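A look at the structure
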Amino acid sequence: HLSNTDGAALRLDRAEIMSSVYCDNGFSAAGEVVAIGAHVKGSVYLNHAELGRARPVPDAAGAPPGTAPATAPSSRTGDALRLVRTRIDADFGCWAGFVAHGTVDLSRSSVGGELTLLVTELNGYPTAADFTNGRFTVITISGEPPPGLLDFTKAKADFFRDGAAHWRGGGIILDEFEYRAIDMTRVTVRQREQWLRRAMVASQRKADGDPDGYLPQPYEQLAAAYRAAGDDHAARRIQLAKNRQRNRVTSWRQWYSKLWNFLQDGLLGYGYAPLRALTWLLVLFTVGVILFRYGATPYPIADVHQHTFTLSDSVGYTLDLILPTSALQERQVWQSSSGLGEIAAASLVVFGYLLTATVFAAVARVLQRN
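Below is a short write-up of the structure. (Residues numbered from 1 in each chain as written. Predicted model: local features only at pLDDT ≥ 70, side-chain atom pairs only at ≥ 80, totals over all residues. Heavy atoms only, no water.)

What follows is about the packing of helix 3 (residues 216–228) against helix 4 (residues 232–249). In the contact formed by helix 3 and helix 4, the axes pass within 7 Å of each other and the chain directions differ by 170°. Looking at the two axes, helix 3 sits roughly antiparallel to helix 4. Each of Pro216, Tyr219, Glu220, Leu222, Ala223, Tyr226 and Arg227 in helix 3 lies in contact with helix 4, whose residues at this interface are Asp232, Ala234, Ala235, Ile238, Gln239, Ala241, Lys242 and Gln245. Of the residues contributing to the contact of helix 3 with helix 4, the split by class is 9 nonpolar, 2 polar and 4 charged. (Axes fitted to C-alpha atoms, helices over the stretch in contact; angles between N-to-C directions. Helix = DSSP H or I, 4+ residues; strand = E, 2+ residues; numbered from the N terminus. Parallel < 35°, antiparallel > 145°, perpendicular 65-115°, else oblique. Contact = heavy atoms within 4.5 Å. Nonpolar A, V, L, I, M, F, W, Y, C, P; charged D, E, K, R; others polar.)

Take a look at the structure:
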């Protein structure tokens, strides 16, 4: 039991520890635990440990009117654990009974093994845990999300794992966070989409974070992880969510961009939903066949023996309009009538080019990946 209410209760700056550090099983430090530039050649364990100075919670009945408790989320805390530029060659474990009455600062530190952190009792605010510019082999986050932020700005990890509670809520900052693989078991793509959206909101809460609510890198990073795992469908879903988030935060002052993005989303899924484009092609083809056969019937360009525009002619004519390159040559025989027919024909040509290009682009992505 260590205590220093004015500063560090335990300081290990630039310490060289040949084996492991065990501050567990009832260890407490009423003050900061600081190890700047230290090197631990073994593991560090802080299970069932309590760090930092606990803030007393005033009695609600005796508190002055309008006074918030000292532990309210609006109050800023100091550091409970500060391991800046510290290198741990093996594991860093805080997976059971760990309590921190301040920020856990692991910025610019490295962990050669697995970093396992229980975040339920991380009471630091506005940042509960700071991993910025850190280098980790495996990161495992468990427990309920804390009131403060989990900041992974510019951190790097080979593998990242979090629990179900973090898929549903909590504030996590993913600005330029790089990982080779991420936990995909029991996690749906929709939950990961919400996870990324909360990361955009959390980045806005950070003092030097993103002010606009849109960062492409976290989406690209997750899509790359899905592609590396062979799940191209999930990767396309994340790319689609990226474009939707960009349009969501775009101001209506740029109304032309928002309308164009809505059109791309509805018709093409920004090019990442080829089945949607194929469905639109089938819908346009059906509408065109019916319209040209029973509504705006085209007339022959040249004087031919057969002047009747049959259903098979309507099918061939509509296909010739929709397909960017066609050998049917129906447009050299038939001409759309003025008004509705010309408008419909021109629209089919435009949408045909756009939608067919999307389908072929999707096929090309599959062939390139294989």
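Now that the structure has been shown, we can carry on.
Attention now moves to the side chain of Asp151. Among the secondary structure elements, Asp151 is positioned in strand 16 (residues 149–151). There is a polar contact of 2.8 Å between the side chain of Asp151 and the side chain of Lys206. With residues near it in sequence (within four places) discarded, Asp151 still touches Thr127, Ala129, Asp130, Phe131, Thr132, Ile173 and Lys206. (Polar contact = N/O pair within 3.5 Å; in protein donor to acceptor, adjacent residues only side chain to side chain.)

Taking 1.5 Å per residue as the helical rise, helix 2 (residues 189–205) with its 17 residues ought to reach 24 Å, and the 25 Å between its terminal C-alpha atoms agrees with that figure. Turning to helix 2, its buried residues are Val189, Arg192, Glu193, Trp195, Leu196, Arg198, Ala199, Met200, Ala202 and Ser203. (Expected span 1.5 Å × (residues − 1). Buried < 20%, exposed > 50% of the residue type's maximum accessible area, 1.4 Å probe, protein only.)

The next thing to look at is the nonpolar core. Formed by 59 residues in total, the largest nonpolar core has its most connected members in Phe92, Leu117 and Phe152. Setting aside chain neighbours within four positions, we find Phe152 in contact with Phe131, Ile139, Ile141, Phe160, Ile172, Ile173, Asp175 and Phe177. (Core = buried A, V, L, I, M, F, W, Y, C linked by side-chain atoms within 4.5 Å.)

Turning our eyes to something else, we now look at the environment of Ala207. Its location among the elements puts Ala207 in the loop between helix 2 and helix 3. With 81 residues separating them along the chain, Ala207 and Pro126 place their C-alpha atoms 9.8 Å apart.

So, on to the packing of aromatic side chains. One pass over the full model with this rule turns up 9 aromatic pairs. Between Phe131 and Phe136, the aromatic rings sit 6.0 Å apart at their centres with planes inclined by 80°, giving edge-to-face as the arrangement. Note on accessibility: Phe131 and Phe136 belong to one class, buried. When the centroid spacing of 5.5 Å and the interplanar angle of 85° are considered together, the rings of Phe152 and Phe160 count as edge-to-face. Of the two residues, Phe152 and Phe160, neither departs from the other in class, the shared state being buried. Ring pairs connect the aromatic residues Phe131, Phe136, Phe152, Phe160, Phe177, Tyr179 and Trp195, which therefore count as one cluster. The ring of Trp195 carries Arg192 above its face, with NZ or CZ at 4.5 Å from the centroid. (Phe/Tyr/Trp six-rings, centres within 6.5 Å; stacked < 30°, edge-to-face > 60°. Lys NZ or Arg CZ within 6 Å of the ring centre and 35° of its normal.)

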